[in-house]
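Residue strings, one per chain:
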Amino acid sequence: MTENKDIIEQCTAFLGKSSRRYSKPLSRAVNDLRRYSGDFWDEDMRKKYRRGKKRTCLQLNNWNVMCNAIASPLSASPWHVELKNQNEVKAVQDLIDQLEAKSDVKTALLDAFRKSVLTGYGFLVVSTDIDEYSGEPTVVVESVKHLQSVAMDPACVTVSGIDAEEGAVVNFISLKKAKRLYGEDVAPFNFPDAQPRLNLNGMDQWGCPEDQIAIVSYYVKEADGVHFYKICGNIVVQDAFLPIKYIPIIRIAGNEIYDLENIDYNGLVQQTLSLELGANIAYSTLIERCSRSVKANYLINVDAIDGLERNYAQASDDDSAAVLWKGEHQPVPLVEQFQTGDLQAVVTTTRTLMEDVIGIPLTGIPDGAPEKTATEILRQQTSKESNTAQYYN
């Protein structure tokens, strides 16, 4: 019991250190995914750039095209892990082939890679599971869906994180389920007024949902392998030794940036956020103009509408209402023009600048374009390949 208490305190201390180091960049990465997913106009964006409760706020998502252009080569790649001398290590090669086939490694890798391209951060977690048919343990490679669930070692310096001494993945389950699986002692009887030993309060990276409790997969590197603990509240519910060399949490990093004394990573969203903002403002304003109900406006003499008040009161109910008048003073129509050229120019300019910043064309090479020479097409293709290659290095 004392040993379990020490492990929980050690894990809690590590989560605190990781949160202080990575809470801000991972929170920014999650916000980038939220913007990419369609929630570009949050409350702060609306207040700053689209003042007014009834302003149209739409998104012209250019990031999806760029991300697909970068990630598609990985999806189409037939490559896999193959050892050089298979005669001596055929059993190992068979295990690798089996792992790739059963756990769908490419799908997990593609998902993590796309997150890295967009935000600068993607994670793969290698774990084990029991095969439901054979009952034997199998290796599973998964992409971390929620980036903020990962706790990384603040001291690691490699891009992939293979030099990490500790690592963890934080999830939450309902208190009812935790007690059913692990017993009543998993949390204090007066929870949440009293907190369990594994207490994440005060850590910015995690906020425990109501009536839920944290369950943490905690890894510690040792001399001859990695020790794995699964901790829920007051209890270490699983304790195992893994004969592996590295912490099984792999970071896939994007574009390297320097934030004061720290090295962090960002992706397409941060690199082109201001340009995407310009395109979205122009596009939203264009649709605003388009959605206005254009009515017939006239300069009319007062005597010409005397007695026709009821007719004019209903004129806005129908776009094709007849304009009635009497007397010798004929109404003079006012011509209203719907201008879009200025906004179209802004959208075109911002999209072109995004191409220049990232180096990825937002449109493919059209068929039958006589103004394009073979040299220009090859130059564009070479530029695309050279600018996407950096993500695979």
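Source: prediction; values computed, not measured. (Residues numbered from 1 in each chain as written. Predicted model: local features only at pLDDT ≥ 70, side-chain atom pairs only at ≥ 80, totals over all residues. Heavy atoms only, no water.)

K.L.:
Looking at this model, I keep getting lost on a nonpolar patch on the surface. Mind explaining?
P.N.:
Taken together, the side chains of Y298, V323 and W325 define a hydrophobic patch exposed on the protein surface, amounting to about 240 Å² of accessible area. Residue position: V323 is located in the loop between α9 (309–313) and β12 (332–334). (Patch = residues over 30% accessible without salt bridge, like charges linked within 9 Å, V, L, I, M, F, W, Y side chains within 5 Å. Areas by Shrake-Rupley, 256 points an atom, 1.4 Å probe, with all protein chains shown as cover. Salt bridge = Lys/Arg side-chain N within 4 Å of Asp/Glu carboxyl O. Helix = DSSP H or I, 4+ residues; strand = E, 2+ residues; numbered from the N terminus.)

K.L.:
What's the story with helix α8 (residues 273–291) in this structure? I'm lost.
P.N.:
The periodicity of an α-helix, 3.6 residues per turn, causes residues three or four positions apart to be oriented the same way. Taking 1.5 Å per residue as the helical rise, α8 with its 19 residues ought to reach 27 Å, and the 26 Å between its terminal C-alpha atoms agrees with that figure. All of the buried residues in α8 are L273, L275, E276, L277, G278, A279, N280, A282, S284, T285, L286 and E288. (Expected span 1.5 Å × (residues − 1). Buried < 20%, exposed > 50% of the residue type's maximum accessible area, 1.4 Å probe, protein only.)

K.L.:
What am I meant to see in empty space enclosed by the protein here?
P.N.:
The tally for this structure, following the rule as stated, stands at one cavity of 30 Å³ or more. Computed from the structure, the largest cavity encloses a volume of approximately 100 Å³. In terms of lining, the largest cavity is formed by 14 residues, of which the most central are M152, D153, G161, A164 and I249. Looking at the lining of the largest cavity, the elements with two or more residues in it are β4 (166–174) and β8 (249–253). At three residues, the largest contribution of residues to the lining of the largest cavity is made by β8. Partitioned by chemical class, the residues of the lining of the largest cavity number eight nonpolar, three polar and three charged. (1 Å grid on protein atoms, 1.4 Å probe; cavity = no way out; pocket = protein on both sides within 12 Å on 5 of 7 lines; lining within 4 Å. Points joined across faces, edges and corners; volume = space filled by probe spheres on them. Nonpolar A, V, L, I, M, F, W, Y, C, P; charged D, E, K, R; others polar.)

K.L.:
Would you mind showing me how to read the sheet that holds strand β7 (residues 235–242) here?
P.N.:
As a general point, the strands of a sheet are linked pairwise by backbone hydrogen bonds and lie either parallel or antiparallel. What the five strands build is an open sheet, ordered β3-β4-β5-β6-β7; its pairing is antiparallel. The sheet is open, and its two borders are formed by β3 (150–151) and β7, each paired with just one other strand. As defined by bridge partners, β3 adjoins β4 across two bridges and the pair is classed as antiparallel. Paired with V150 across the strands is V169, a residue of β4. This element, helix α6 (residues 175–182), spans β4, β5 (212–222), β6 (225–232) and β7 of the sheet and lies at about 110 degrees to β4. (Pairing = 2+ DSSP bridges. Contact = heavy atoms within 4.5 Å. Axes fitted to C-alpha atoms, helices over the stretch in contact; angles between N-to-C directions.)

K.L.:
Please explain the pattern of salt bridges as it appears in this structure.
P.N.:
A side chain of one charge can pair with a side chain of the opposite charge if their charged atoms are brought near each other. Under the criterion given, the structure shown has twelve salt bridges. In this structure, R50 and E288 form a salt bridge, with 3.3 Å as the shortest nitrogen-oxygen distance. In this pair, R50 is assigned in the loop between α2 (43–49) and α3 (63–76) and E288 in helix α8, connecting sequence segments 238 residues apart. Exposure remark for R50: the relative accessible area of 3% places this residue in the buried category. A relative accessible area of 17% means that E288 is categorised as buried. Linking K115 and D111 is a salt bridge whose minimum nitrogen-to-oxygen distance equals 2.7 Å. Of the two residues, K115 and D111 are both situated in helix α5 (residues 105–119); the distance of four residues between them amounts to about one turn of the helix. You can call K115 buried: its relative accessible area is 9%. Residue D111 is classed as partly exposed on the basis of its relative accessible area of 21%.

K.L.:
Explain the packing of α8 against helix α10 (residues 341–358) here, please?
P.N.:
Packed helices, taken two at a time, are described by the angle between their axes plus the distance between the axes. Between α8 and α10, the shortest axis-to-axis distance is 9 Å and the interhelical angle comes to 160 degrees. Classified by the angle between their axes, α8 and α10 sit roughly antiparallel to one another. Of the two possible hands of crossing, α8 and α10 adopt the one that is left-handed. Residues L275, E276, G278, A279, A282, Y283, T285, L286 and R289 of α8 lie in contact with α10, whose contacting residues are D342, L343, Q344, V346, V347, T350, L353, M354 and V357. Its residues assigned to classes, the contact of α8 with α10 comprises eleven nonpolar, four polar and three charged. (Parallel < 35°, antiparallel > 145°, perpendicular 65-115°, else oblique. Left-handed = near helix turned anticlockwise from the far one by under 90°.)

K.L.:
Help me understand the environment of V216, please; the structure alone is not making it clear to me.
P.N.:
Relative to the elements of secondary structure, V216 occurs in strand β5. When the C-alpha positions of V216 and K230 are compared, they lie 5.6 Å apart, and in sequence the two are 14 residues distant.

K.L.:
Is there a simple way to explain the side chain of T272 in this structure?
P.N.:
With respect to the element layout, T272 can be found in the loop between α7 (268–271) and α8. What makes T272 buried here is its relative accessible area of 0%. In contact with T272, other than residues within four places in its own chain, are W63, M354, V357 and I358.

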